[in-house]
Structures are given as C-alpha cells and as structure tokens.
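Descriptive structure summary
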Amino acid sequence: MAGPIHYEVYVRKTAPAGWTLLIATEDRKHALETAEDQLRDRLAAAARVTKETLDPDTMEFNSLNILTIGAPEEKKKPKSVEAARPACSAPAELYTPHARALIGRVLEDWLKRQGATAFELLHRPDLAERLDASRVELQHAVQKVAVPESQASGQDLHSVVRHYQRLSEDAVARLLKAGRSGLFPSLEKRSIAELAQGLSGSADRAFVMGGVVAQALADRKGARDRLDGLMDMIDAAPPAGPARGLVVGAVEQIAAEMLAVRANLAEILGPSLDHGASLAAVVRMVAPREVERLIGLDSRMALMTPAVEGPAARLGARLAGGELPQLSASLARMVTRELASPRRLRPNDPVGEIDILRTLAMALTAAAGRLLTLEEVQNAFVDRSKSLVTPDFVGAYVRQCPTALSEAELLTRLCENVTGGANKRAAARWLSACVASVRLESEMRQSAPGGPSVSQKLLVLARLQRSVRAVQLGELDERQISTAIGALGGTLEADAGLLAQIGRAQATPVQKLTALMKMTNGETAPLGPAADRARAEAVKMLRIPEVRQAADADTEASAALQSLMQAARLKV
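Keep in mind the model is a prediction, meaning the values are calculated, not measured.

Next up on the list: the overall build of the protein chain. Across its full length, the protein chain carries 30 helices and 4 strands. In summary, the protein chain has a C-alpha radius of gyration of 39 Å against a globular reference of 25 Å for 572 residues, an excess of more than 25%. If you line up the protein chain on its principal axes, its C-alpha atoms span 100 × 100 × 45 Å. Split into buried and exposed, the 572 residues of the protein chain put 44% on the buried side. Of all intrachain contacts in the protein chain linking residues separated by at least 6 positions in sequence, the fraction that spans at least 24 positions is 64%. Carbon and sulfur atoms make up 53% of the accessible area of the protein chain, which amounts to about 30,300 Å² in all. The protein chain carries 72 positive and 68 negative side-chain charges, and their two centres are separated by 2 Å.

Evaluated as defined, the whole model comprises 33 salt bridges. R124 is the partner of D126 in a salt bridge, and the nearest nitrogen-oxygen pair spans 2.7 Å. Via salt bridges that share partners, R220, D225, D228, D232, D235, R244, R314, R318 and E323 belong to a single interconnected network.

Counting 113 residues, the largest nonpolar core has M209 and L230 as its most contacted members. For this core, the leading source of residues is helix α11 (residues 242-259), giving 10 residues. Those residues in contact with L230 that lie beyond four places of it in its chain are V213, L217, V251, I254, A255 and M258. One finds V106, A141, V161 and V172 within the second-largest nonpolar core, a separate group that totals 32 residues.

Under the counting rule described, the total for this entry stands at 0 disulfides. Counting only cysteine sulfurs, C434 is the nearest neighbor of C415, a cysteine outside any disulfide, at a range of 10 Å.

Another aspect to go through is the packing of aromatic side chains. In the structure shown here, the tally under the stated rule is 3 aromatic pairs. Measuring from centroid to centroid gives 5.7 Å for Y95 and F207, while their planes differ by 85°, and the two rings are edge-to-face. Separated by 112 residues along the polypeptide, Y95 in the loop between β4 (60-70) and α2 (97-106) and F207 in helix α9 (residues 205-216) bring together distant segments of the chain. Here F207 falls in the buried class, since its relative accessible area comes to 10%. Centre to centre, the rings of F393 and Y397 are 5.9 Å apart; their planes meet at 15°, and the pair counts as stacked. Linking F393 with Y397, this pair stays in helix α20 (residues 391-398), spanning 4 residues, or about one helical turn. Of the two residues, F393 and Y397, neither departs from the other in class, the shared state being buried. Through a chain of ring-to-ring contacts, three or more aromatic side chains come together here, namely Y95, F184 and F207. Here the guanidinium or amino end of R48 rests over the ring plane of Y10, the centre of that ring lying 5.5 Å away. The ring of W19 is capped by R48, whose NZ or CZ atom sits 4.5 Å from the centre of that ring.

So, about helix α24 (residues 454-470). An α-helix turns once per 3.6 residues; consequently, residues spaced three or four apart project the same way. With 17 residues, α24 should cover 24 Å at 1.5 Å per step; its first-to-last C-alpha distance of 24 Å lies within 8% of that length. Residues of α24 that are buried include every one of K457, L458, V460, L461, A462, L464, Q465 and V468, and no others. Lining the buried residues of α24 we find α21 (404-417), α22 (421-435), α23 (438-445), α25 (475-496) and α26 (498-504). At the exit of α24 stands Q472, carrying a positive phi of roughly 60°.

Here we come to the sheet that holds strand β2 (residues 20-25). Spatially, β2-β1-β3-β4 is the arrangement adopted by the 4 strands of the open sheet, whose pairing is antiparallel. Two strands bound the open sheet, and with one partner strand each, they are β2 and β4. Here the average twist between neighbouring strands, direction ignored, is 25°. Bridging between strand β3 (residues 46-55) and β4 involves 10 bridges; their strand directions are antiparallel. Directly across from D55, in β4, lies its bridge partner E60.

Cut-offs used in this document
Residues numbered from 1 in each chain as written. Predicted model: local features only at pLDDT ≥ 70, side-chain atom pairs only at ≥ 80, totals over all residues. Heavy atoms only, no water. Helix = DSSP H or I, 4+ residues; strand = E, 2+ residues; numbered from the N terminus. Rg over C-alpha atoms; globule rule 2.2 N^0.38 Å. Buried < 20%, exposed > 50% of the residue type's maximum accessible area, 1.4 Å probe, protein only. Contact = heavy atoms within 4.5 Å. Areas by Shrake-Rupley, 256 points an atom, 1.4 Å probe, with all protein chains shown as cover. Lys, Arg positive; Asp, Glu negative; His and termini not counted. Charge placed at Lys NZ, Arg CZ, Asp CG, Glu CD. Salt bridge = Lys/Arg side-chain N within 4 Å of Asp/Glu carboxyl O. Core = buried A, V, L, I, M, F, W, Y, C linked by side-chain atoms within 4.5 Å. Disulfide = S-S within 2.5 Å. Phe/Tyr/Trp six-rings, centres within 6.5 Å; stacked < 30°, edge-to-face > 60°. Lys NZ or Arg CZ within 6 Å of the ring centre and 35° of its normal. Expected span 1.5 Å × (residues − 1). Pairing = 2+ DSSP bridges. Axes fitted to C-alpha atoms, helices over the stretch in contact; angles between N-to-C directions.

See the structure below:
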C-alpha cells in the first residue's frame, strides 16, 4: 500500500549549474505551474518536477520524474588521467637534495664501506665506475627505489626498473665522460680560489665545483680528516662574492651528508661520548655563543656539555659566523629527531639522562629562533618526555633509592623535568602513588635510635611539599599530592604529640609562638592537619595578654612574629 505523496520542484539557474530544490508541495498542479513559471519568467534555465511516494515499510521515498523542461544538462567531460611518470627522468634530477637523500639511504652500506657520501658519488668518476662494476649493489639499489614507487603510482614494476637502470647508466656515463675530459681540475696545481673565480658565469659551475671538492677528499680517510679538509677548502676560498658561495655551497652539502651518519659524528666528536653527550656536543658546535653564555650563568653546564675540539671546533666557528645556515639547521633538526626517537640518551644512567636532557633543553631553548622555532624545540622535548614516564624508565630511575622518601624526591624531580600536559599527569601519578603508599608512611612513623627526630621528618616533608608545588603540576594532581603529604605530616605530629611538647618546653612564650608560626606557614611542617593544629595553638597563645606583652617587649622578636603572622594571614 502506497503512503503519503508530495511533489518537489528543482531548478537549474544556468545550464551548467546543478539542480537545487525550489519548493515541496502536495498539490501536483501547483508544482507543475511553478516549474513552468520559472522558465517563462526566465528565473531558471531548466526545471524538473518529481513525485515522491513514501514506502510505509521502509519509510523511504520513491522518486519519479514527471516533468523536465528547459536547457538539457551538460555532460561533464571526464578528467583525463595523466599517465604516471617516474620521479626522476634525467641524470640532472639525481643531484637534487631529495634524490641525494634517497641515494644515501638505498646505498648506505656501500657508501659506508667507501667512506664517501651520496654527493661525492655523484661527482667522483672513480666512485661511479666502482659502483657500476659492482652490478649487484646497483641492481639492489634500483629495486629498492622502483618497488615502492611502482606500488605508490601504479606503474608497471619492470618498466620502472628498466627506467632507473637506464638512468643510472646515463648518469655514470655522463660522470665518466666529465672525468676523462678533465672537467674536474685538481687542486695540486691551482688553488680552489682561482678555480672558483674561473668558473664564475659558467652554466655547470656547481657541478664542476662539486667534482673538484669531492676529488680533493678522495685521498683523505676517516671523517675527522675529511672534515678538516673541508674546513681547509673554506679557509682557502675567495673572501666574498659568488665565487666564495660556490665553494661554501659544495662543502656544506658534503658536510651535511657526512655528519648525518652516526658513525662519522661519533668519530668527529669523540667515540667515548654516549648518545646524550654527543647530542650536547652537537648543540655546542652549532650554538657556541648561547652555550658559553649559559655556562657563564651556571657552571654545571660546563660539566654536562663536552668541549668541541679539532675539526669540530673549526666547523663550530663557521657555524657561529652564520656561513653554513643549511648545515646548522640540519644538525639542529637532527638533534630534535634524536630527542623524539625512543633511543635512550644514557642507557645505564637514568638519573644522568634527566641531567643531560635538562642541559639540552636549556641550550636549545636559548638558541630557539636562530636554528629552530620554539615550537619545534618544545615538541621535541614533549616527545622525549613520553619515554621518561614509562614503567621501564621509572623503574630503573628509582631502583637505587634506599628509602621511599628518596624515591619521592627523585619522582618530584622527574615531574619537574618532563613537559607536556599528558606527561606531567603521568609523572604525577607515579609521585602520588609513592607519597600515598603504606611504605612511606611506615618508614616515616618508624623511629630508630640515632635516627631523625619527628621535627626533622616534618621539615623534610615540608620541603618535599614545597618542591611539589613548584613543579607546576595540574591543579588536581598538585592538590592530591600535597594533601597526602600534609596528612602524613599530621599523623607524625599526632603520634609524637609535638604541639604538646612545644607547649611544655622550657622556652619563652615568644620562642614557642615563633615555632608554632613556622609550622603554620609550612616552613617546619607540611601544610595540612599539623599546620592547622599549630595555627589553632598560636591563636590561643596570642589571646593571652601576657604573651602579647612579652612579644611586644621584644622588638626584634615582634617584627619577626609580625612577618610570620602576615605570611599566615593570621589576625588576632
């Protein structure tokens, strides 16, 4: 059985426009007249009336077109799908930074064995000939590029493989031809400054200078010696102008690729440095002025930041002068990538990892704006903080703590040094579990001959509570942890009857009042039940006329009491 029926009028304002609903009505005649009126009054280029019948079983409308008048719909031409093409189609495209980075990845092992970079491979005929002779290495590299590109673009795999094989053959042939024709002159007879001046205005000057610089490094072995050679070439470059930029540009590209290899960086900075110290040395190399300024403010920075010597120091001087901006940015981003990675900065020293992380945070923040944006620095440390609140790290971090109190102090320091809202909350949960644990309460309530007194314990808890309030946890987390510490302090005071002992002590009323006020202010006891009871006792004492008179008689004591009362917001 058919359900309710209504009619809908659609119009197209122009011929290529789409249909839009004008009205919906239950009157068929009114719907048809409205459609005709739209065309007659030239309010639309076309009109259509549909009959909509409700199906009571499915509660869906069945549509029937009963009238279509006006300009016919234009059929849209299907968009021509451009045939996919390989990412690189000519040998010159292999010299772009993106292509060189890909070559460095697919030939990483081979380049390590040769002690060279992708830039040198593309500018040294001897390296290109050596790679061409080892057909297996080149074939594997082509497959590593062709397979993912074929899957991503839908191109035929065999066609992509053949394309890159021909491209590699053409690139090798071009480089060998350049070598045989003497396109890359040696630096033995001419200085690099003369060569750079002679290349000014040449169309392929960047390619030629790249070959000259790469060939000059052929006989140098080891990353440290090679970096020294690059610095020598910058020293010998023209003092200014496009010719100097030609030399510096080639040197910068080789240095960036060389320092991106972890083994080379370790050799240059010193193999004895762990991962965290190596990153600190890199930051000191790229931002020497900022680090030296921090060392002047905090001598501990000098202990945490390794000194940079030899070729690394020479490079650091160039970076500080702003000569190699791309290399500076590359090294700074390398540091942030390593911070965001899961690799531990100091695998066997969790406490030291917190120290080196704090050092890196201070140095990178000081250099923010010149090398990296402040947001990039913050994001890197938020990512690193995620690894500091995992069960594995926290377990190793507190494993050597002899007492629950020392564990709470270490966890407070952890809360201080992590960043990011979620990481702060995770660290706060570890600390909250510690301060509310039965273990901490048992240790604090236990008394031993020669051990700390209740007053000393309360002083330690007050200091811990102040530290928690200073690490900028969330309001709820801070309140829960502070409340737990305060409750423990109240239990210790009640067990020992410390307020009663103060009342019975052989001391002047002013001395007793001063002791109570310090407890009230959270100086000698944590804020909470113990401080509240001390406050109540102080109010009682201040209401005794003799006590007020004694306090007023002692000018020095009166001033101190007034200060304590103001801090406690106490009025009597």
